Amino acid sequence: MSTSFRLILPAQIYAEVLNQAQAELPNECCGLLAGRIEKAAGGAVGRVAGCYPLINAAASPKEFTSEPNSMFAAAKAMRQEGIDILAIYHSHPNSPPVPSKTDLERNYSPEVMNLIVSLQTDVPEMRAWWLGPEGYRKAEVTVQEG
């Protein structure tokens, strides 16, 4: 995806992701953010319309594996809503919000943004990334009120 793509994440959905990450401690959480892509000046904007928490089948503090039934249910719900996957998110309970070697090896698609929530400090920190075979680069996400 080009660097001219940015994600608009409603504050309420951002809070849902942080709540899920904290609720699933000590393990990593995972899920999908879905919405619509709109053309905008200078590129495209992905407007998140829904959050789809997934079950971490690995039940691990160091990795996540999306449980197939929860993934199927999320895909079905998105299809019914007429929205598409814009981002994958997961948490790092004890490390910074930077892609790990495992994150890079298991990347779903270089066309889907990855959000990582770190819970290693008192205040959760989220960063966005584009992952690819050559490594990773920062992605643009804006948390928006209302």
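Keep in mind the model is a prediction, meaning the values are calculated, not measured.

S.K.: Looking at this structure, I do not really get helix H1 (residues 11-23). What am I missing?
M.R.: Residue pairs spaced three or four apart in an α-helix point in one direction, given the helix's 3.6 residues per turn. The first and last C-alpha atoms of H1 sit 18 Å apart over 13 residues, in line with the 18 Å expected at 1.5 Å per residue. Check the buried side of H1 and you find it contacts strand S1 (5-10), strand S2 (30-40), strand S3 (43-54), strand S4 (84-92), strand S5 (113-118) and strand S8 (140-144).

S.K.: Looking at this structure, how should I read the pattern of salt bridges?
M.R.: Side chains carrying opposite charge are able to pair once their charged atoms draw close together. Within the structure shown, the criterion is met by 4 salt bridges. Residues arginine 47 and glutamate 38 are paired through a salt bridge, measuring 2.8 Å at the closest nitrogen-oxygen approach. Under the relative-accessibility criterion, glutamate 38 is labelled partly exposed at 33%. Across the pair glutamate 125 and arginine 127 runs a salt bridge whose closest N-O atoms are separated by 3.0 Å. Exposure remark for glutamate 125: the relative accessible area of 34% places this residue in the partly exposed category.

S.K.: Would you take a moment to explain the pairing of S3 for this structure?
M.R.: Here S1 pairs with S3 via 4 bridges, running parallel. When the sheet's bridge partners are listed, arginine 6 is paired in S3 with valine 45. Looking at chain direction, S2 and S3 are connected through 11 bridges and run antiparallel. Considered in S3, the bridge of isoleucine 37 is made with glycine 46.

S.K.: Just to check I follow, could you spell out unusual backbone geometry for this structure?
M.R.: With the exception of glycine, the majority of residues adopt a negative phi angle, and the majority of peptide bonds are in the trans configuration. A cis geometry characterises the amide bond from leucine 25 onward to proline 26, with omega recorded as 10°. Looking at where proline 26 falls in the secondary structure, it is placed in the loop between H1 and S2. Of note in the backbone geometry, alanine 59 takes a positive phi value of approximately 45° without being a glycine. You can see alanine 59 is positioned in the loop between S3 and helix H2 (68-81).

S.K.: What am I meant to see in the side chain of glutamate 67 here?
M.R.: Mapped onto the elements of the fold, glutamate 67 is located in the loop between S3 and H2. Of the side chains bearing the opposite charge, lysine 76 lies closest to the buried glutamate 67, which forms no salt bridge; the N-O distance is 14 Å. Within the local environment of glutamate 67, its side chain forms a polar contact with the backbone nitrogen of asparagine 69, the two atoms lying 3.1 Å apart. Contact partners of glutamate 67, with chain neighbours within four places excluded, come to Ile55 and Ala57.

S.K.: Where do I start with H2 in this structure?
M.R.: The end-to-end C-alpha separation of H2 is 20 Å, in line with the 20 Å expected for 14 residues at 1.5 Å each. Every buried residue belonging to H2 is among Ser70, Ala74 and Met78, and all of these are buried. The buried residues of H2 occupy an angular sector of 75° when the element is viewed end-on, so they sit on one face. The outward face of H2, more than 90 degrees from its buried face, is lined by the exposed residues Pro68, Asn69, Phe72, Arg79 and Gln80. Considering only its buried residues, H2 is in contact with S2, S3 and S4. Capping the start of H2, glutamate 67 holds a side-chain oxygen 3.1 Å from the backbone nitrogen of asparagine 69, two or three residues further along. Positive backbone phi, approximately 75°, marks glycine 82, located one or two places after H2.

Conventions we followed
Residues numbered from 1 in each chain as written. Predicted model: local features only at pLDDT ≥ 70, side-chain atom pairs only at ≥ 80, totals over all residues. Heavy atoms only, no water. Helix = DSSP H or I, 4+ residues; strand = E, 2+ residues; numbered from the N terminus. Expected span 1.5 Å × (residues − 1). Contact = heavy atoms within 4.5 Å. Salt bridge = Lys/Arg side-chain N within 4 Å of Asp/Glu carboxyl O. Buried < 20%, exposed > 50% of the residue type's maximum accessible area, 1.4 Å probe, protein only. Pairing = 2+ DSSP bridges. Lys, Arg positive; Asp, Glu negative; His and termini not counted. Polar contact = N/O pair within 3.5 Å; in protein donor to acceptor, adjacent residues only side chain to side chain. Arc of directions from axis to C-beta.

Shape descriptors only; they carry no functional weight alone.
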